[in-house]
Amino acid sequence: MTIKLFYNKEPNKNLVSAKDGADVWHDIILPDGTQSNYTGIGDIFNALGIDFKWSSDMKSSIPFINVGSLSHRSSKFYKICEYANINFDKAIILSTQEPWQKDILDKFILEFKNLFFMDCSTHLYDGEQYHKRYMPFPFLLCKFASLKSQITVVYPSICYTNQIKAFNCLMNNWRPDKHVLFTALKNKISNFTHDAGDLVEENMVTYRKIKSSKESVIFKYLNKVDEDRNFLRSLEIGLETYEDLELENEVYLKDTLGFIKERHFDCTFRIIPEHVFNDTYFSLVCESFSGSSFIKKFNEIKQSNEINYIDSRPYITEKTILPLINGHPWISYAEIGFHNTMKELGFEIHDEIFDMSFDQVQCNIVRADVLTTMINNLNYNELKNQIKNHTSETRQKILHNQNLCLNKNSRLWKELEYIMLKYLRTFNDF
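These remarks concern the structure in this document.

Conventions we followed
- Residues numbered from 1 in each chain as written.
- Predicted model: local features only at pLDDT ≥ 70, side-chain atom pairs only at ≥ 80, totals over all residues.
- Heavy atoms only, no water.
- Salt bridge = Lys/Arg side-chain N within 4 Å of Asp/Glu carboxyl O.
- Helix = DSSP H or I, 4+ residues; strand = E, 2+ residues; numbered from the N terminus.
- Buried < 20%, exposed > 50% of the residue type's maximum accessible area, 1.4 Å probe, protein only.
- Expected span 1.5 Å × (residues − 1).
- Pairing = 2+ DSSP bridges.

## Thoughts on the pattern of salt bridges
Here the idea is simple: oppositely charged side chains can pair when their charged atoms come close.
Okay, step 1: One pass over the full model with this rule turns up 17 salt bridges.
Okay, step 2: Between K148 and D43 there is a salt bridge, with its nearest N and O atoms 3.6 Å apart. Placement of K148 in the loop between α4 (139-143) and β6 (151-152) and of D43 in helix α1 (residues 41-48) is noted, with a sequence separation of 105 residues between them.
Okay, step 3: On the basis of relative accessible area, D43 is assigned to the buried category, the value being 5%.
Okay, step 4: Close ionic contact of D369 with K188 constitutes a salt bridge, the shortest N to O distance being 2.7 Å. Taken as a pair, D369 in helix α10 (residues 364-376) and K188 in the loop between α5 (176-186) and β8 (204-205) lie far apart in primary sequence, 181 residues in all.
Okay, step 5: The partly exposed category is assigned to D369, whose relative accessible area is 33%.
Okay, step 6: Look at K188 and you get buried, because its relative accessible area is 12%.
Okay, step 7: Taken together, the salt bridges that share partners define one network made up of D351, E352, E393 and K397.

What follows is the structure in structure tokens.
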């Protein structure tokens, strides 16, 4: 099956531009002063192993309109949808960079009946769809398999015997969820060392303080039963008192990659310095939150709560993927049910190290507190032996996860190809 991708002026060019509001990471100003109008969808298809060709025949090909990181709540996003609605019999509004929320999507789906919407949230289990014209897909996984999509630094091997800190937790931009996790770490005295410092001071943690904003930030517990006024005060005080924290050896690559001088990591350059992995036992990831809708039900047979996602599953980003492909044990502070979603995709989570029950806690604030308490109470002597021993369950899971990501014949890539082709058949049959 060969997919035909529609182009207007030239193959590989987006059907809208930065002037329209599109914010695509590789869309740059070229040396001749023109905009590259990069689309990126062909690179995704190459990563998935899907045969395609470019076509200027609108009737027999699929128009992908990549809006990039343009907010789906903006007027420019709406205007792009209006443009697509008028100029195409049907088209796919695409973001390979950002997730969108159901409340806004529902409005667009209702108003623009010839448009499909494809963002980078994670598809529902077994490719189910809450609406046939909404097609979530974990594009960031694909970007790690595409040489054209981004520069990715993966170390051939890391050291498992030289740890000096319990964990790393890299939080580069301010967001409410990062502020919650940072505060939870600040509020706990580390059990890893005897220096009586908190979990931030005693580990490898980065943070960016909030930029001045006219809008106030309000932190709320989901249930009054759980509410901890002292923690809420810590969150509020931290907005004024927390300062930026950077790595001692920041992510400038004079010594790591001599051919790229003073290059800082960004959306098209994915790297974590090697010492971050070598010097810590595991990566505590603060994932991005996409706002996936779900209902929580009690399973009478299993005698436990289950999360049933409505529109998409939790968002998977480079924050989790980078430690995973570099062979570092990881645990993520993410949306509810994140680790179960990873399991459903074929990854093996480190439940031999961590108590994963925190992953089912619905309130984000409580989940951060339970998670940080749990990692502070780990037996690091046992963990040291687990990570050092190449025959241990931990090291076997590391190898499995690396192979799942990097071997294009793995279950993961077969599923991703299947999901994308399923979406495209739905589009063609519409």
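## Remarks on α10
Okay, step 1: Its 13 residues place the ends of α10 18 Å apart at the C-alpha level, agreeing with the 18 Å of an ideal helix rising 1.5 Å per residue.
Okay, step 2: All of the buried residues along α10 are I365, V366, R367, A368, L371, T372, M374, I375 and N376.

## Looking at the sheet that holds β8
Okay, step 1: A sheet is described by the order of its strands in space; here four strands give the open sequence β8-β7-β10-β13, paired in parallel fashion. Lying at the two open borders of the sheet, with one neighbouring strand each, are β8 and β13 (330-333).
Okay, step 2: One ladder, built from three bridges, connects strand β7 (residues 165-169) with strand β10 (residues 280-286); its direction is parallel. Bridge pairing links F167 to F282 in β10.

No statement about biological role is implied by the geometric values presented.
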